[in-house]
Amino acid sequence: MNSAIVDPSRLAAVFDRCKQEGRTALVGYLTAGDPDVSTSEELLLALAEQTDILEIGMPFSDPMADGPVIQAASERALEAGTHISDVFELTRKVRDANPELGIVLMGYANVPYAMGFDLFSERAKAAGADGVLIVDIPAEEGHICDAALKEHGLDRIMLLSPTSTDERIQLACDCASGFIYYVSLNGITGADMGDMQSIHEKVKHIKAISDDLPVCVGFGVKTPEQAAQVAEFSDGVVVGSHFVAHITQAENKADIRAALSASAASMRQAVGI
Amino acid sequence: MYNLDITHAPDAGGHFGKFGGRFAAETLMQPLKEIEEAFYEAWADDSFHAERLDLLENYVGRATPLYHAKQLTAATGGAQIYLKREDLTHTGAHKINNTIGQGLLARRMGKKRVIAETGAGQHGVATATVAAMFGMQCDIYMGREDMARQMPNVLRMRLLGANVIPVDSGTATLKDAVNEALRNWVATCEDTFYIFGTAAGPHPYPLLVRQFHTVIGQEARAQCLKQAGRLPDVAVACVGGGSNAMGLLHPFRDDASVRLVAVEAAGYGLESGQHAASLAKGKAGILHGNLTFLLEDDEGQVQGTHSISAGLDYPGVGPELAYMFEQGRLELDATTDDEALEALQLLTRKEGIIPALESSHALAAGARIAKSMDADQIVLINLSGRGDKDMNTVFKALGWVENES
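In this report, the structure presented in the accompanying data block is examined. Being a predicted model, the structure only gives us computed values, none of them experimental.

Let us look at the overall build of chain A. Assigned secondary structure in chain A consists of 13 helices and nine strands. Relative to a compact globule of 273 residues, whose C-alpha radius of gyration would be 19 Å, chain A shows 17 Å and is just as compact. Across its three principal directions, the C-alpha atoms of chain A cover 45 × 40 × 35 Å. A buried classification covers 60% of the 273 residues belonging to chain A. In chain A, once contacts between residues fewer than 6 apart in sequence are set aside, the share between residues at least 24 apart is 73%. Taken as a whole, chain A presents about 10,000 Å² of accessible surface, with 51% of it coming from carbon and sulfur. Charge centroids of chain A, computed over 20 positive and 40 negative side chains, lie 4 Å from each other.

Of regular secondary structure, chain B possesses 15 helices and 14 strands. Taken along the three principal axes of its C-alpha coordinates, chain B extends 55 × 50 × 45 Å. Counting across all 405 residues of chain B, residues that qualify as buried make up 66%. In chain B, 36 positive and 50 negative side-chain charges are present, and the distance between their average locations comes to 4 Å.

A separate point is the layout of surface pockets. Residue and element names in this part refer to chain A. Empty space within the second largest pocket amounts to approximately 430 Å³. The wall of the second largest pocket is formed by 22 residues, among which Phe-15, Lys-19, Asp-212, Pro-214 and Asp-235 lie closest to the centre. When residues in the lining of the second largest pocket are grouped by element, the largest group, five residues, is from helix H1 (residues 10–20). Among the residues making up the lining of the second largest pocket, the classes are represented as eight nonpolar, six polar and eight charged.

Applying the stated rule across the entire model yields 44 salt bridges over all chains. With its nearest N and O atoms 3.9 Å apart, the salt bridge here joins Arg-17 of chain A to Glu-100 of chain A. Linking Arg-17 of chain A in helix H1 with Glu-100 of chain A in the loop between helix H4 (84–97) and strand E3 (102–107), this pair joins segments that are 83 residues apart in sequence. Notably, a salt bridge pairs Glu-41 of chain B with Arg-108 of chain B, separated by 4.0 Å at the nearest N-O pair. Here Glu-41 of chain B is found in helix H1 (residues 26–43), whereas its partner Arg-108 of chain B is found in helix H4 (residues 95–108), with 67 residues between them in sequence. Here the salt bridges share partners, and the residues they tie into one network are Glu-21, Arg-23, Asp-52 and Arg-268 of chain A.

All names here are of chain A. Neither face of strand E8 (residues 215–218) is left uncovered, since the one carrying Val-215 and Val-217 and the one carrying Cys-216 and Gly-218 both have all their residues buried. Across four bridges, the pairing between strand E7 (residues 180–183) and E8 is parallel. The residue of E8 that forms the bridge with Tyr-182 is Val-217. Between E7 and its parallel partner E8, the chain crosses via helix H9 (residues 196–210), and the hand of that crossover is right-handed. Strand direction decides the pairing type here: E8 and strand E9 (residues 236–239), joined by two bridges, are parallel. Directly across from Val-217, in E9, lies its bridge partner Val-237.

Attention now goes to the sheet that holds strand E11 (residues 283–287) of chain B. All names here are of chain B. The sheet built from four strands is open, its strands ordered E1-E2-E12-E11 with antiparallel pairing. Each edge of the open sheet is held by one strand with a lone partner, namely strand E1 (15–16) and E11. As defined by bridge partners, E1 adjoins strand E2 (residues 19–23) across two bridges and the pair is classed as antiparallel. In the sheet register, His-15 faces E2, and the bridge partner there is Gly-20.

The subject of this paragraph is helix H7 (residues 151–159) of chain B. Residue and element names in this part refer to chain B. All buried positions along H7 are accounted for by Asn-153, Val-154 and Met-157. Taken down its axis, H7 places every buried residue within 105 degrees of arc, on the same side. In this structure, the buried side of H7 is in contact with strand E5 (113–118), helix H5 (122–134), strand E6 (137–143), helix H6 (144–149) and strand E7 (163–167). Two residues or fewer after H7 comes Gly-161, characterised by a positive phi angle close to 95 degrees.

Here a ring pair, both rings aromatic, is described through the centre-centre distance and the interplanar angle of the planes. The final tally for this structure, using the stated rule, is 18 aromatic pairs over all chains. Centroid distance Phe-88 of chain A to Phe-120 of chain A: 5.7 Å. Interplanar angle 50 degrees. Geometry classified as tilted. Here Phe-88 of chain A is found in helix H4, whereas its partner Phe-120 of chain A is found in helix H6 (residues 117–127), with 32 residues between them in sequence. On the basis of relative accessibility, which here comes to 0%, the residue Phe-120 of chain A falls in the buried class. Pairing Phe-48 of chain B with Phe-212 of chain B gives two aromatic rings, centres 6.3 Å apart and planes at 50 degrees, and the pair type is tilted. You can see Phe-48 of chain B sitting in helix H2 (residues 46–60) and its partner Phe-212 of chain B sitting in helix H9 (residues 205–228), a full 164 residues away along the chain. We classify Phe-48 of chain B as buried; its relative accessible area is 3%. By way of ring pairs, the aromatic residues Phe-39, Tyr-40, Trp-43, Phe-48 and Phe-212 of chain B are connected into one cluster.

About the thresholds
Residues numbered from 1 in each chain as written. Chains lettered and ligands numbered in written order. Predicted model: local features only at pLDDT ≥ 70, side-chain atom pairs only at ≥ 80, totals over all residues. Heavy atoms only, no water. Helix = DSSP H or I, 4+ residues; strand = E, 2+ residues; numbered from the N terminus. Rg over C-alpha atoms; globule rule 2.2 N^0.38 Å. Buried < 20%, exposed > 50% of the residue type's maximum accessible area, 1.4 Å probe, protein only. Contact = heavy atoms within 4.5 Å. Areas by Shrake-Rupley, 256 points an atom, 1.4 Å probe, with all protein chains shown as cover. Lys, Arg positive; Asp, Glu negative; His and termini not counted. Charge placed at Lys NZ, Arg CZ, Asp CG, Glu CD. 1 Å grid on protein atoms, 1.4 Å probe; cavity = no way out; pocket = protein on both sides within 12 Å on 5 of 7 lines; lining within 4 Å. Points joined across faces, edges and corners; volume = space filled by probe spheres on them. Nonpolar A, V, L, I, M, F, W, Y, C, P; charged D, E, K, R; others polar. Salt bridge = Lys/Arg side-chain N within 4 Å of Asp/Glu carboxyl O. Pairing = 2+ DSSP bridges. Right-handed = clockwise from strand over helix to strand, strands pointing away. Arc of directions from axis to C-beta. Phe/Tyr/Trp six-rings, centres within 6.5 Å; stacked < 30°, edge-to-face > 60°.

See below:
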């Protein structure tokens, strides 16, 4: 299988498939190289089995938008000597085992910027990524990455938040492809989830503007009950910190993997109704 | 007295050439835009400046003196050295110029709480001071490492009613304090104003901080013309993020005869790998909302820095300084820890002025430059702060008190 020439709209296919199957997509996040590259490979492969889209975090020294759980994940990965080449290699291994899985590389601007967005996009695509989500590149600064991502057929996932005005929603939708990631609260990853009714209303509002673009909701989803609620009005439910937290909660690799799989399975069940 | 024109403005997106911009998480984009709009509106409002300039005069103690340091000049040899005495401001450093401005902006926007990051503690103290005066709740984020070396400032902030929150993540210094303040602001932006302390961060902060500090250079320019009958040949300021440097140097940018020198912290030496010289040794990268020069590894991971001075211990630099450097308008110099300590002692002995360790970096470089010049020339140095906060560090470095651990 040559992953480099697969249809660039694999993310769209994921959402179509979920729709046909009458369920909401489950989007899982783990930081690549956490707690070390070889364990990370096992965990990513395990999570990939339960999710429709996998967000693979690129560790960064200064994860400004992340809460303590994902900050610590980044620190563990970097301390274990995770390089960007490992991130690509892990991505490739996940892709090889999961030809239909949506894969999004997620991180902060300075890592791809240091490599150069052209080379970064080329390598990300070759590794099998479908899209890229850079937390600190809003639409206004897209001039540094948009052309390179487009040239290599990578979707640009855009974030929206409760503070996003209609003008900003439009701006992000014009720039985005793949899906919109709605940050359900004003806060960092892993915080407590906001009021479900207002999240629902904002998502409805975004969907009215986003046209066909799917809207996934994340930040703060920690329980299957929350996931089920979010699933009712969104196209995808993102679970990050809750999955990452297993890495420090279990004693050994096998236990982490088992706990992660069980947790992901219950989330999958929750969004599948 | 002051020129309120905004010269060398960034583009609409806050870019200075390719530098600057607004590389922020989505949640902060709207709050940043609101601050930008509030700033431009306030800046066009005479009553805003009337209150700001009244506070600068009667609360901060502006204009600060320009002092012809004759004894230091004699000891150094060469050009005449003039010191811009920001150390004589209320709270003891230039930082208060900016916190008065941003504090007024926060009040104007109806914010009840202010937060800030701090390295040496001077910006934290200046923020806590303004918060006390305006009756605002105040939380200051400070690396635990910095808290240990700047304990007097930690205690001052507490006395002023601020809550000092220790930051343990990353390197536990200024960059991590910025991360933590940003994380808090994402969750609290509705009622909280982030008073950013240096001429960096996402747009509009580099512009705000520069504009609120240009009083330094504008006064110094007028004072130099009055006292010496001419402009300085060289203007020198230390650079961490760049607030005092932009404040001093910006008003001289269009004076082609004035050399502008930024002095970075060389720590144990520029070749030691243990310094904070992001302009001299860094490369273009994106951190804390702007594109600028950063100290980072080959893969874009931001590196820890070292300087004896907590206020200069930052891996980035203001984007406008990066731009001025790239354009060839800014010269670089660097001062090691040891040279800064020597300069601190020299000024203290020769002039009876104890400078901050940050400012001592500018002094050491300014004296080096003066030495190579003629006696009828002028070197203007920004004495950005006083040294009281650094006494513990200095006494330890000199071996006068025991070094713990």
